[in-house]
Amino acid sequence: MVWLSVALMSCGGGGSDTTASDSTVLQTPPPTSAGGGTSIQPAALAGMRLVWSDEFEAPGLPDASKWVHDTSRNRDGWYNNELQYYADRRLENARVENGRLLITARRERLSSAPDFGGQNYTSARLITRGLASWTYGHFEVRAKLPCGLGTWPAIWMLGTGGQWPDDGEIDIMEQRGTSALDKREVLGTLHTRAYNWSGGTLGVARGATTSLPSACTDFNNYQMTWDADGITIGVNGTNYFDFRNPKNGDRTQWPFDAPQFMILNLAMGGDLGGAVDDTALPAVMEVEYVRVYQR
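If you're wondering where the values come from, they're calculated on a predicted model, not measured in any experiment. (Residues numbered from 1 in each chain as written. Predicted model: local features only at pLDDT ≥ 70, side-chain atom pairs only at ≥ 80, totals over all residues. Heavy atoms only, no water.)

Caption draft 1: Local environment of the overall build of the chain. The helix and strand tally for the chain stands at two helices and 19 strands. When the 295 residues of the chain are sorted by exposure, 55% land in the buried category. Split by element, the accessible area of the chain, about 11,100 Å² in all, is 50% carbon and sulfur. (Helix = DSSP H or I, 4+ residues; strand = E, 2+ residues; numbered from the N terminus. Buried < 20%, exposed > 50% of the residue type's maximum accessible area, 1.4 Å probe, protein only. Areas by Shrake-Rupley, 256 points an atom, 1.4 Å probe, with all protein chains shown as cover.)

Structure below.
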């Protein structure tokens, strides 16, 4: 998810921080078609173990021992020209039901909220910051995305240092909302100080788009494998983007040797969401699980 602010607030040996969280530019592989399926990448998991997960088994609000509701920009407005108000622990916007997390965007104004910023839409943004973060590993989120235009769902990670883009951003999955075609594709993207859409010193963010016709009609497995050599992003066991560590000591190109925390959110409108189709609301991003594996 693109951030347009320098200040946020917001993996050698499989290091984990789970108590509290080109010089060489590779040619981007061509977009690939990724169909349905439930298996994860066996090669990526060789020698790894499950170190953190949420299977969303307990009905009600999301597990407060694993997720924090990020509401920090409600009063001032969220980045990227987004239109939503992110509610805090409100069942109408984030709840667990029938083994799934439901992040729901609605057309409504919570004008009585003390941090209300004039937004016409509500939604939720869940983060593991302060509770769990990781350096390196294999990350998998099984999710079904909303079909409505104007929705901008994302599964992504940010560095715990709180400085964007210096600490890096890993977009495991995000989806535009400006056309019906957008809802049949997903994106995987990396942002660093050298590569970002807001004045990258060496160019724009690095990433790729892949066709996924079932993105908003079925559940798909969104995957990212990260180690000291590089980051690979895929869906349903098919990788479509690979970014290699240049290993030149330039942290503006590779800040990905420090912990990052997970974010699940459903934004409305904005630079990638586009015009909102109110007739498609409420819109829901459904998540069956989040799993993190490390050596």
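Caption draft 2: A look at the side chain of Asn-221. Residue placement: Asn-221 occurs in strand S15 (residues 220–227). With a relative accessible area of 0%, Asn-221 lands in the buried category. Within polar-contact distance, the side chain of Asn-221 engages the side chain of Arg-142 at 2.8 Å. (Polar contact = N/O pair within 3.5 Å; in protein donor to acceptor, adjacent residues only side chain to side chain.)

Caption draft 3: Inspection of the side chain of Lys-183 at higher detail. Secondary-structure assignment places Lys-183 in the loop between strand S12 (169–174) and strand S13 (185–191). Buried charge without a partner: Lys-183 forms no salt bridge, and the closest opposite charge is Asp-182, 7.3 Å away. Reaching out from Lys-183, the side chain makes a polar contact with the side chain of Thr-151 at a distance of 2.7 Å. Side-chain polar atoms of Lys-183 contact the side chain of Gln-175, separated by 3.0 Å. (Lys, Arg positive; Asp, Glu negative; His and termini not counted. Salt bridge = Lys/Arg side-chain N within 4 Å of Asp/Glu carboxyl O.)

Caption draft 4: View of the environment of Asp-115. Tracing the chain through its elements places Asp-115 in the loop between strand S6 (100–107) and strand S7 (121–123). For Asp-115, a relative accessible area of 19% gives the class buried. In this structure, the C-alpha to C-alpha distance between Asp-115 and Ser-72, residues 43 residues apart in sequence, is 8.9 Å. With residues up to four places along the chain from it excluded, the contact list for Asp-115 reads Thr-71, Asn-74, Arg-75 and Tyr-85. One polar contact links Asp-115 to Tyr-85, side chain to side chain, over a distance of 2.4 Å. (Contact = heavy atoms within 4.5 Å.)

Caption draft 5: Representation of the state of the cysteines. Applying the stated criterion across every chain yields a total of one disulfide. A sulfur-sulfur separation of 2.1 Å characterises the disulfide bridge that pairs Cys-147 with Cys-216. Every disulfide takes its handedness from the sign of the S-S torsion; for Cys-147 and Cys-216 that torsion is 95°, giving right-handed. Here Cys-147 is found in the loop between strand S10 (137–144) and strand S11 (151–159), whereas its partner Cys-216 is found in the loop between strand S14 (206–211) and S15, with 69 residues between them in sequence. (Disulfide = S-S within 2.5 Å.)

Caption draft 6: Here's a closer look at the nonpolar core. Ranked by size, the top nonpolar core spans 52 residues in total, and within it Tyr-222 and Trp-226 carry the most contacts. It is strand S19 (residues 283–294) that provides the largest number of residues to this core, a total of five residues. In this structure, Ala-154, Trp-156, Trp-164 and Ile-263 belong to the second largest nonpolar core, which totals seven residues. (Core = buried A, V, L, I, M, F, W, Y, C linked by side-chain atoms within 4.5 Å.)

Caption draft 7: How the structure looks around the environment of Pro-146. Looking at where Pro-146 falls in the secondary structure, it is placed in the loop between S10 and S11. The sequence separation of Pro-146 and Glu-286 amounts to 140 residues, and the corresponding C-alpha distance is 8.2 Å. Look past the residues within four positions of Pro-146 in its chain and what remains in contact with it is Thr-151, Pro-153, Gln-175, Lys-183, Cys-216, Leu-266, Ala-283, Val-284 and Met-285.

Caption draft 8: Broad picture of the pattern of salt bridges. Within this structure, the stated rule accounts for 14 salt bridges. As a salt-bridge pair, Arg-193 and Asp-166 come within 2.9 Å of each other at their nearest N and O atoms. Placement of the pair is Arg-193 in the loop between S13 and S14 and Asp-166 in the loop between S11 and S12, with a sequence separation of 27 residues. For Arg-244, the salt bridge goes to Asp-242, with nearest N and O atoms at 2.8 Å. Residue class for Asp-242 comes out partly exposed when judged on its relative accessible area of 23%. A single salt-bridge network, built from bridges that share partners, covers Arg-100, Arg-142, Glu-286 and Glu-288.

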